[in-house]
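# Reading the structure
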Amino acid sequence: MQGATVPADVQAVMQNKCADCHSDNTRWPAWGYLAPGSWLMERDVHEGREHLDMSRWQSFDQDTKIELLSKIGSEARSGEMPPKQYVWIHRSAKLSPDEGELVYAWAKAERKRIRQQTPATDAGDAGNQKGADTK
């Protein structure tokens, strides 16, 4: 996720468990080139990238990043990601509880970091503007 601060342990989890569907770095298994398996995998990758394409992270605005990080954290922690039907075929993609907590903690910290970078509205200027209107 270029442009994000991702510790090595989180990067490893996301590369091994998430990147096949949520980035341009899909590792296609041998059966992924043969129908009907290829159809299923292509559908999963297409849907995954529609929801989050980590390869495009730098192109997202700060609000979108914050929203996506909320989803990443909550879905990793709750076990919603990866979807059960995907894990049936790709057993190694399942997040352990520790991996889910690791991704959750990172997403929470990264949201905080991004929020701190967001320029705050200058309350002093707003107050001065209001004071100027009353004169």
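Residues numbered from 1 in each chain as written. Predicted model: local features only at pLDDT ≥ 70, side-chain atom pairs only at ≥ 80, totals over all residues. Heavy atoms only, no water.

### Thoughts on the side chain of Asp 44
Residue position: Asp 44 is located in helix α3 (residues 37-51). Exposure remark for Asp 44: the relative accessible area of 13% places this residue in the buried category. Dropping the residues within four chain positions of it, Asp 44 is found in contact with Cys 21 and Tyr 86. (Helix = DSSP H or I, 4+ residues; strand = E, 2+ residues; numbered from the N terminus. Buried < 20%, exposed > 50% of the residue type's maximum accessible area, 1.4 Å probe, protein only. Contact = heavy atoms within 4.5 Å.)

### Examining a nonpolar patch on the surface
On the surface, Trp 31, Leu 40, Trp 88 and Ile 89 cluster together into a nonpolar patch covering about 440 Å² of accessible area. The residue Ile 89 is located in helix α5 (residues 84-89) in this model. (Patch = residues over 30% accessible without salt bridge, like charges linked within 9 Å, V, L, I, M, F, W, Y side chains within 5 Å. Areas by Shrake-Rupley, 256 points an atom, 1.4 Å probe, with all protein chains shown as cover. Salt bridge = Lys/Arg side-chain N within 4 Å of Asp/Glu carboxyl O.)

### As for the pattern of salt bridges
A full pass over the atoms with the stated rule returns six salt bridges. Among the ionic pairs, Arg 43 bridges to Asp 44, the shortest N-O distance being 3.0 Å. Put simply, Glu 67 and Lys 71 hold a salt bridge, and the shortest N to O gap is 3.5 Å. You can see Glu 67 and its partner Lys 71 sitting in helix α4 (residues 62-78), four residues apart, about one turn around the helix.

### Concerning the confidence of the model for the protein chain
One rule of thumb: low pLDDT means the predicted coordinates there are not for detailed reading. Confidence along the protein chain averages 86 in pLDDT terms, with 87% of residues attaining 70 or more. Here residues 121-135 is modelled with pLDDT under 50, and outside its nearest four sequence neighbours on either side it reaches zero contacts, counting other chains as well. (pLDDT = per-residue confidence, 0-100.)

### Focus: the packing of helix α1 (residues 8-17) against helix α6 (residues 97-117)
Where α1 contacts α6, the two axes come as close as 10 Å, and the packing angle between them is 120°. Between α1 and α6 the crossing geometry is left-handed. When α1 is examined against α6, the residues Asp 9, Val 10, Val 13, Met 14 and Lys 17 are found in contact with a partner set consisting of Glu 99, Leu 102, Val 103 and Trp 106. For the contact of α1 with α6, the residue count by class is six nonpolar, no polar and three charged. (Axes fitted to C-alpha atoms, helices over the stretch in contact; angles between N-to-C directions. Left-handed = near helix turned anticlockwise from the far one by under 90°. Nonpolar A, V, L, I, M, F, W, Y, C, P; charged D, E, K, R; others polar.)

### Some thoughts on α4
With 17 residues, α4 ought to run about 24 Å at 1.5 Å a step, and its terminal C-alpha atoms sit 24 Å apart, in line with that. Listed as buried for α4 are Lys 65, Ile 66, Leu 68, Leu 69, Ile 72, Gly 73 and Ala 76. The buried residues of α4 occupy an angular sector of 165° when the element is viewed end-on, so they sit on one face. In this structure, the buried side of α4 is in contact with α3 and α6. One side-chain oxygen at the N-terminal end of α4 lies 3.2 Å from the backbone nitrogen of Asp 63; it belongs to Asp 61. One or two steps after α4, the chain reaches Gly 79, where phi turns positive at roughly 85°. (Expected span 1.5 Å × (residues − 1). Arc of directions from axis to C-beta. Polar contact = N/O pair within 3.5 Å; in protein donor to acceptor, adjacent residues only side chain to side chain.)

### Quick look at the nonpolar core
Note that soluble globular proteins tend to have their nonpolar side chains buried in a common cluster. Grouped together as the largest cluster of nonpolar side chains are 22 residues, with contacts concentrated most on Met 1, Met 14, Leu 52, Met 54, Trp 57, Leu 69 and Trp 106. Of all elements in the fold, only α1, α4 and α6 reach the threshold of two or more residues within this core. If we skip the residues at most four places from it in the chain, Met 54 touches Met 1, Met 14, Cys 18, Ala 19, His 22 and Ser 23. (Core = buried A, V, L, I, M, F, W, Y, C linked by side-chain atoms within 4.5 Å.)

### Some details on the environment of Arg 115
Within the secondary structure, Arg 115 is located in helix α6. By relative accessible area, which is 47% here, Arg 115 ends up partly exposed. Along the chain, Arg 115 and Lys 65 lie 50 residues apart, while their C-alpha atoms are 9.9 Å from each other.

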